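Each chain, letter by letter, is given below.
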Amino acid sequence: MTMKKILLIALITLTLTTYGQDKYNYVNFNKLTEVIGTEYVIASIENWGKMLETKSRYLLFINTKTGETKQVDFPNDAGIGKIEQVKIDSLGINLIVVSARTVDLDGKGGIDWNDPTQIIILLPDGKEKTQLTEDKFFVRTWTINKLTGTIVITGHYDTNNNNKYDKTDKNEIHVYDLKTLKLINKI
């Protein structure tokens, strides 16, 4: 067999294999969330491949009046948790708060349940994304104080780097101003 025939067979096989894998991809819409007081709806989307690996994970902000969209990407193996709108008209605050695991802190080849949850703030149209908490801070719980326009977040730092929560870890409460997205205090 000549080199040209071998190369042609190899290219055809590669093309068919690639096409065959893509035809089994599917999209999973996890949740739709209305952004109250705006024209937007947020869709949580995962694209899965043939071998059930995640090809992409993102939030899609859909302008329901114009049909325009804005995609906010997350790592493929990220875990997107709670998505909540915080709208405090008296303080001029209208934000989307997302809790998500987005960092492979333990370096074990992917984001999993042992990695920290972060708090991420998005504008109601998805055009700005700000990670509020540090990568190495493990968020446990959070709540909004609507009178002061602050978010109070509890969690810990894995101070001994053993990838589990124990007595030697440093527990803290963080208070952030939602207007400026700045840390007010650590308790």
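Refer to the structure above for everything that follows.
Throughout, residues of each chain are indexed from 1 in the direction in which the sequence is written. Predicted model: local features are reported for residues with pLDDT of at least 70 only, side-chain atom pairs are reported and counted for 80 or more only, and whole-chain, interface and lining totals are derived from all residues. In computing side-chain properties, one takes all heavy atoms of the structure into account and sets aside hydrogens as well as water.

## Thoughts on the pattern of salt bridges
Then, in step 1: The term salt bridge refers to a pairing of a side-chain nitrogen on Lys or Arg with a carboxyl oxygen on Asp or Glu at a separation within 4 Å. One pass over the structure, following the stated rule, counts five salt bridges.
Then, in step 2: The salt bridge partner of glutamate 134 is lysine 186, with a shortest N-O separation of 3.6 Å. Of this pair, glutamate 134 sits in the loop between strand 8 (129-131) and strand 9 (137-145) while lysine 186 sits in strand 12 (residues 182-186), and the two are 52 residues apart along the sequence.
Then, in step 3: Three exposure classes are used, based on accessible area relative to the maximum for each residue type with a 1.4 Å probe and protein chains only: buried under 20%, partly exposed in between, and exposed over 50%. For lysine 186, a relative accessible area of 38% corresponds to the partly exposed category.
Then, in step 4: For lysine 170, the salt bridge identified is with glutamate 172, shortest N-O distance 3.2 Å.
Then, in step 5: Looking at lysine 170, the relative accessible area reads 46%, which means it is partly exposed.
Then, in step 6: Judged by relative accessible area, glutamate 172 falls into the buried class, the value being 9%. Here a helix means four or more residues in a row that DSSP labels H or I, a strand means two or more in a row labelled E, and each is numbered from the N terminus.

## Let's talk about the sheet that holds strand 5 (residues 79-88)
Then, in step 1: Here, strands pair whenever DSSP counts at least two bridges between them. With antiparallel pairing, the four strands of this open sheet are ordered in space as 5-6-7-8. Pairing within the sheet leaves two strands with one partner each, and these edge strands are strand 5 and strand 8. This sheet shows a mean twist of 25° between the axes of neighbouring strands, independent of strand direction.
Then, in step 2: Bridge analysis of strand 5 against strand 6 (residues 93-101) gives eight bridges, and the strand direction is antiparallel. The residue of strand 6 that forms the bridge with glycine 79 is arginine 101. To get an axis, a line is fitted to the C-alpha atoms, and for a helix only the part in contact is used. The angle between two axes follows their N-to-C directions and goes from 0 to 180 degrees.

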